[in-house]
Amino acid sequence: MSAGASKGDTDRRLGRRALLAGGAAAAVGAAALAREELSRLWWRLPGVEKSRVAGAVDFRGARWVAASSANYRRADRPDDYPVDRVVVHVTQGGYASAVKVFQDPGHRAAAHYIVRRDGRVTQLIRELDVAFHAGNRAYNERSVGIEHEGFVEHASSFTDAMYAASARLTAAVCARYGIPVDREHIVGHAEVPGTDHTDPGPHWDWERYLRLVRKARGAGAV
Ligand SMILES: [Zn+2]
């Protein structure tokens, strides 16, 4: 399950952004930065961020369903935060109920993706943005969160189609950010420091999953 908004998360982020933007603007005024330094920082100036296309997805074939903007923080990853982790979750419920809570502004949590039992992939938050899914601010900022439809206590939740689709998705994320395909960088929610969540649980076959991710990565099917 996704959990992750720490209190004041949004405010602190705005503060940091304002500080960076202010710092960059001051530097511009003082002509203290070299031209190349300025070009590197342009996106931090007020009102400047990467262009976005409504409904665009980061994973080819994913269906776009927007999460509530209360459940993530707008960002410009990987420029502002390097992305070096994938966090595997299990929804503890069906697909529809997961979408419903991710669209509920009161939930204060959501993941970037949901993979269904039949292998269909839905994206709810752009990878540019910090989804509140890991229950740990630093992990949220550095990771892509992937939910899997089902229950940790039911081995039957994790179908062949789900493993295959999720592995292709994780392989694509790893390719995009240069993330090594290993258990240090592809982790379960239960392994995130400070969490009390247990997903994906004992029935999630990590060996199989990593094998499939490596295969998809090697096949260049991303
Ligand atoms: Zn979780």
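Residues numbered from 1 in each chain as written. Predicted model: local features only at pLDDT ≥ 70, side-chain atom pairs only at ≥ 80, totals over all residues.

Asker: Any chance you could explain the packing of helix 5 (residues 160-177) against helix 6 (residues 206-219) here in plain terms?
Answerer: Packed helices, taken two at a time, are described by their axes: the angle between them and the distance between them. Where helix 5 contacts helix 6, the two axes come as close as 8 Å, and the packing angle between them is 55°. In terms of axis orientation, helix 5 runs oblique to helix 6. The interaxial crossing formed by helix 5 with helix 6 has right-handed handedness. Within the contact between the two elements, helix 5 uses Tyr-163, Ala-164, Ala-167, Arg-168, Thr-170, Ala-171, Cys-174 and Ala-175 and helix 6 uses Arg-208, Tyr-209, Leu-212, Val-213, Ala-216 and Arg-217. Taken together, the residues of the contact of helix 5 with helix 6 break down into 10 nonpolar, 1 polar and 3 charged. (Axes fitted to C-alpha atoms, helices over the stretch in contact; angles between N-to-C directions. Helix = DSSP H or I, 4+ residues; strand = E, 2+ residues; numbered from the N terminus. Parallel < 35°, antiparallel > 145°, perpendicular 65-115°, else oblique. Left-handed = near helix turned anticlockwise from the far one by under 90°. Contact = placed C-beta atoms within 7 Å. Nonpolar A, V, L, I, M, F, W, Y, C, P; charged D, E, K, R; others polar.)

Asker: Just to check I follow, could you spell out unusual backbone geometry for this structure?
Answerer: Most peptide bonds are trans, and most residues other than glycine sit at a negative phi. Omega for the peptide link from Arg-77 to Pro-78 comes to 0°, which places this bond in the cis form. Of note, Pro-78 is situated in the loop between strand 2 (72-73) and strand 3 (85-90). Each neighbour pair has its own omega, and for Asp-199 with Pro-200 the value is 10°, a cis peptide bond. Within the element layout of this structure, Pro-200 appears in the loop between strand 8 (186-188) and helix 6. Here the phi dihedral of Gln-92 falls at roughly 60°; this positive angle occurs in a residue that is not glycine. When you line up the elements, Gln-92 lands in the loop between strand 3 and helix 3 (95-102).

Asker: What's the story with the pairing of strand 3 in this structure? I'm lost.
Answerer: Looking down a regular strand, the side chains alternate between one sheet face and the other. The element strand 3 is largely enclosed, with a buried count of 6 among its 6 residues. Relative to strand 8, strand 3 runs parallel, the two being bridged by 3 bridges. Along strand 8, the bridge assignment pairs Val-88 with Gly-188. (Buried ≥ 20, exposed ≤ 12 C-beta atoms within 10 Å, placed from the backbone. Pairing = 2+ DSSP bridges.)

Asker: Explain the pairing of strand 7 (residues 143-148) here, please?
Answerer: For strand 7, the buried fraction is high: 6 of the 6 residues fall into the buried class. Every second residue of strand 7 is oriented toward a common face, with Ser-143, Gly-145 and Glu-147 on one face and Val-144, Ile-146 and His-148 on the other, all of them buried. Where strand 3 lies against strand 7, 6 bridges are found, and the strand directions are parallel. The residue of strand 7 that forms the bridge with Arg-85 is Ser-143. Relative to strand 7, strand 4 (residues 113-115) is paired through 3 bridges, and the arrangement is parallel. By the bridge assignment for strand 7, Val-115 is matched with His-148.

Asker: Teacher, can you tell me more about the sheet that holds strand 3 here?
Answerer: Sheet strands pair via backbone hydrogen bonds, and the direction of the pair is either parallel or antiparallel. Spatial ordering of the open sheet is given by 1-5-4-7-3-8, a layout of 6 strands whose pairing is mixed. Here the strands that pair on one side only, and so sit at the sheet edges, are strand 1 (63-64) and strand 8. Taken strand by strand, helix 5 contacts strand 3, strand 4, strand 5 (121-123), strand 7 and strand 8, and its axis lies near 170° from that of strand 7.

Asker: How should I be thinking about the confidence of the model for the protein chain in this particular structure?
Answerer: Detailed conclusions should not be drawn from predicted coordinates in areas where pLDDT is low. For the protein chain, the mean per-residue pLDDT works out to 87, and 78% of the residues sit at or above 70. Long-range and interchain partners of residues 7-15, a stretch whose pLDDT sits below 50, account for 4 contacts in this model, where long-range means more than four residues apart. (pLDDT = per-residue confidence, 0-100.)

Asker: Can you help me understand helix 6 in this one?
Answerer: Owing to its 3.6 residues per turn, the α-helix aligns residues three or four sequence positions apart on the same side. Spanning 14 residues, helix 6 covers 20 Å between terminal C-alpha atoms, matching the ideal 20 Å at 1.5 Å per step. Within the span of helix 6, buried status applies to Leu-212, Val-213, Ala-216 and Arg-217. Summarising the axial view, the buried residues of helix 6 lie within an arc of 135°, below the 170-degree limit, and thus occupy one face. Projecting away from the buried face of helix 6 at angles above 90 degrees are the exposed residues Glu-207, Gly-218 and Ala-219. Looking at the buried side of helix 6, the elements it contacts are helix 5 and strand 8. (Expected span 1.5 Å × (residues − 1). Arc of directions from axis to C-beta.)

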